[in-house]
Amino acid sequence: MRLSPSRRAAAAASVTVVLWASAFVSIRSAGAAYSPGALALGRLLAGAVALGALCLLRREGWPPRAAWRGIAVSGLLWFGFYMVVLNWGEQQVDAGTAALVVNTGPLLIALLGARLLGDAMPPRLLAGLAVSFAGAVTVGLSMSGGGGSSVLGVVLCLLAAVGYAFGVVAQKPALGHGSALQVTTFGCLIGAAACLPFAGQLVHEAARAPLSATLNMVYLGVFPTALAFTTWAYALSRTTASRMGATTYAVPALVVLMSWLLLGEVPGVLTLAGGVLCLAGVAVARSRPRRRPDPAVPTGRRREHAS
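Treat the numbers as computed from the prediction; the structure is a model and nothing was measured.

In this section: the overall build of the chain. In terms of regular secondary structure, the chain is built from 14 helices and zero strands. Starting at the N terminus and ending at the C terminus, the chain contains elements arranged as α-α-α-α-α-α-α-α-α-α-α-α-α-α. Counting across all 307 residues of the chain, residues that qualify as buried make up 48%.

This is how it looks when you write it as structure tokens:
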């Protein structure tokens, strides 16, 4: 049984959300041994190798000229700037504050998508964004630790959210000209090139880092970057940036679940309630209103057509 295009896109988005959630667990391990820039460069290099090999196997050529502007902007802002700034920000603030500030990203995507891409803003999408953001706020407040925040950290996380939002909106038009694999591969390469000034740090820290931290960095590159960004691009090419942005609100809920299962961090009632709100908001945002039957078509004929 073959899935319909809409279901394939939904499945791809689900893969992205799960892998991006797992990235928070891996970053906690790798970030203890690697500085923000070195971690971003190592992650992007591992992702570029995986994506490059896949491009060779699939004989993907260079992206069309019309796709390069979006690829370059998303590569610099999302693959490069976002990853470095987010890694840095998470060293300055507690996890709850970081999650709270970064989750302004989907709201920015919705606003930018409506302004720059002409995305529709149906009531269900707006309601879902509001519910999910309330859930993200609840998760963030429940996970915040006393004295763990700084003005610098909050600003860095906010910059990460802005880079993420502009990167997604820039990537969407590029997917109208190049394939998901092309856009992801060359965006990753541009991000890695932008992070090359951290090469010295990466070499120095890799020599001292424990094997577990390095393996986590490689995992971040192969799965949450190479695979998850490709499935994201595939899904984004088949829906609006606003709706895809709303999907990422499932990430905080999954992070809570993974931290519970893998790290033994038992969530509180408030955290669980926030996770449920995040998932409920995603469900609302991605739902579509049922089409009302055409009164001009007789009931019997509608049944015959449905069968």
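Another aspect to go through is helix H2 (residues 36–58). With 23 residues, H2 should reach 33 Å at 1.5 Å per residue; the first-to-last C-alpha distance of 33 Å fits that figure. Just beyond H2, the residue with positive phi is Arg 59, at close to 55°.

All right, on to a nonpolar patch on the surface then. A cluster of nonpolar residues, Leu 257, Trp 260, Leu 261, Leu 262 and Leu 272, forms a patch on the protein surface that exposes about 520 Å² of accessible area. The leading source of residues in the nonpolar patch is helix H12 (residues 250–263), at four residues.

A few words on the side chain of Ser 26. Tracing the chain through its elements places Ser 26 in helix H1 (residues 5–30). Classification of Ser 26 as buried rests on a relative accessible area of 7%. Side-chain polar atoms of Ser 26 contact the side chain of Asn 216, separated by 3.1 Å. Sequence-distant contacts of Ser 26, defined by excluding residues within four places in its chain, comprise Asn 216, Tyr 219 and Leu 220.

Here the focus is the pattern of salt bridges. A side chain with one charge may pair with a side chain of the opposite charge, provided their charged atoms come close. On inspection of all chains with the given rule, the structure shows one salt bridge. For Arg 58, the salt bridge goes to Glu 60, with nearest N and O atoms at 3.8 Å. Taking the relative accessible area as the measure of exposure, Glu 60 reaches 23% and is therefore partly exposed.

The subject of this paragraph is helix H8 (residues 180–194). Taking 1.5 Å of rise per residue, the 15 residues of H8 would be expected to cover 21 Å, and the 21 Å separating its terminal C-alpha atoms lies within 8% of that figure. For H8, the buried fraction is high: eleven of the 15 residues fall into the buried class. Along H8, the residues that are buried comprise Ala 180, Leu 181, Gln 182, Val 183, Thr 184, Thr 185, Phe 186, Gly 187, Cys 188, Gly 191 and Ala 192.

This paragraph deals with the packing of H2 against helix H9 (residues 199–208). Orientation of H2 relative to H9, taken along the N-to-C sense of each, is 90°, at an axis distance of 8 Å. Looking at the two axes, H2 sits roughly perpendicular to H9. Of H9, the residues touching H2 (which contributes Ala 38, Leu 41, Gly 42 and Leu 45) are Ala 199, Gln 201, Leu 202 and Glu 205. The residue makeup of the contact of H2 with H9, split by class, is five nonpolar, two polar and one charged.

Our next topic: the environment of Leu 54. In this structure, Leu 54 sits in helix H2. Distance in space between the C-alpha atoms of Leu 54 and Ala 226 is 9.7 Å, their sequence separation being 172 residues.

For the rest of this paragraph, the subject is the nonpolar core. Core analysis: the biggest nonpolar cluster contains 77 residues, and Tyr 34, Trp 78, Tyr 82, Val 168 and Trp 232 have the highest contact counts within it. Setting aside its immediate chain neighbours within four residues, Trp 232 contacts Thr 16, Trp 20, Trp 78, Tyr 164, Val 168, Gln 171, Met 244, Gly 245 and Thr 248.

Another point: the packing of helix H5 (residues 105–117) against helix H7 (residues 151–174). In a packed pair of helices, the relevant descriptors are the angle between the two axes and the axis-to-axis distance. The N-to-C vectors of H5 and H7 enclose an angle of 40°; their axes lie 9 Å apart at closest approach. Relative to H7, the element H5 is oriented oblique. Every pair of crossing elements has a handedness; the one defined by H5 and H7 is right-handed. Residues Gly 105, Pro 106, Leu 108, Ile 109, Leu 112, Gly 113, Leu 116 and Leu 117 of H5 touch H7, and the partners they reach there are Ala 161, Val 162, Tyr 164, Ala 165, Phe 166, Val 168, Val 169, Lys 172 and Pro 173. Per-class residue counts for the contact of H5 with H7 are 14 nonpolar, two polar and one charged.

Turning to the packing of aromatic side chains, a few remarks are in order. One pass over the full model with this rule turns up 13 aromatic pairs. On the basis of an interplanar angle of 40° and a centroid distance of 4.6 Å, the ring pair of Phe 79 and Phe 229 is categorised as tilted. Of the two residues, Phe 79 sits in helix H3 (residues 68–92) while Phe 229 sits in helix H10 (residues 211–236), which places them 150 residues apart along the sequence. Residue Phe 79 is classed as buried on the basis of its relative accessible area, which comes to 0%. These aromatic residues form a ring-pair network of at least three members: Trp 20, Trp 78, Phe 79, Tyr 82, Tyr 164, Phe 229 and Trp 232.

About the thresholds
Residues numbered from 1 in each chain as written. Predicted model: local features only at pLDDT ≥ 70, side-chain atom pairs only at ≥ 80, totals over all residues. Heavy atoms only, no water. Helix = DSSP H or I, 4+ residues; strand = E, 2+ residues; numbered from the N terminus. Buried < 20%, exposed > 50% of the residue type's maximum accessible area, 1.4 Å probe, protein only. Expected span 1.5 Å × (residues − 1). Patch = residues over 30% accessible without salt bridge, like charges linked within 9 Å, V, L, I, M, F, W, Y side chains within 5 Å. Areas by Shrake-Rupley, 256 points an atom, 1.4 Å probe, with all protein chains shown as cover. Salt bridge = Lys/Arg side-chain N within 4 Å of Asp/Glu carboxyl O. Polar contact = N/O pair within 3.5 Å; in protein donor to acceptor, adjacent residues only side chain to side chain. Contact = heavy atoms within 4.5 Å. Axes fitted to C-alpha atoms, helices over the stretch in contact; angles between N-to-C directions. Parallel < 35°, antiparallel > 145°, perpendicular 65-115°, else oblique. Nonpolar A, V, L, I, M, F, W, Y, C, P; charged D, E, K, R; others polar. Core = buried A, V, L, I, M, F, W, Y, C linked by side-chain atoms within 4.5 Å. Left-handed = near helix turned anticlockwise from the far one by under 90°. Phe/Tyr/Trp six-rings, centres within 6.5 Å; stacked < 30°, edge-to-face > 60°.

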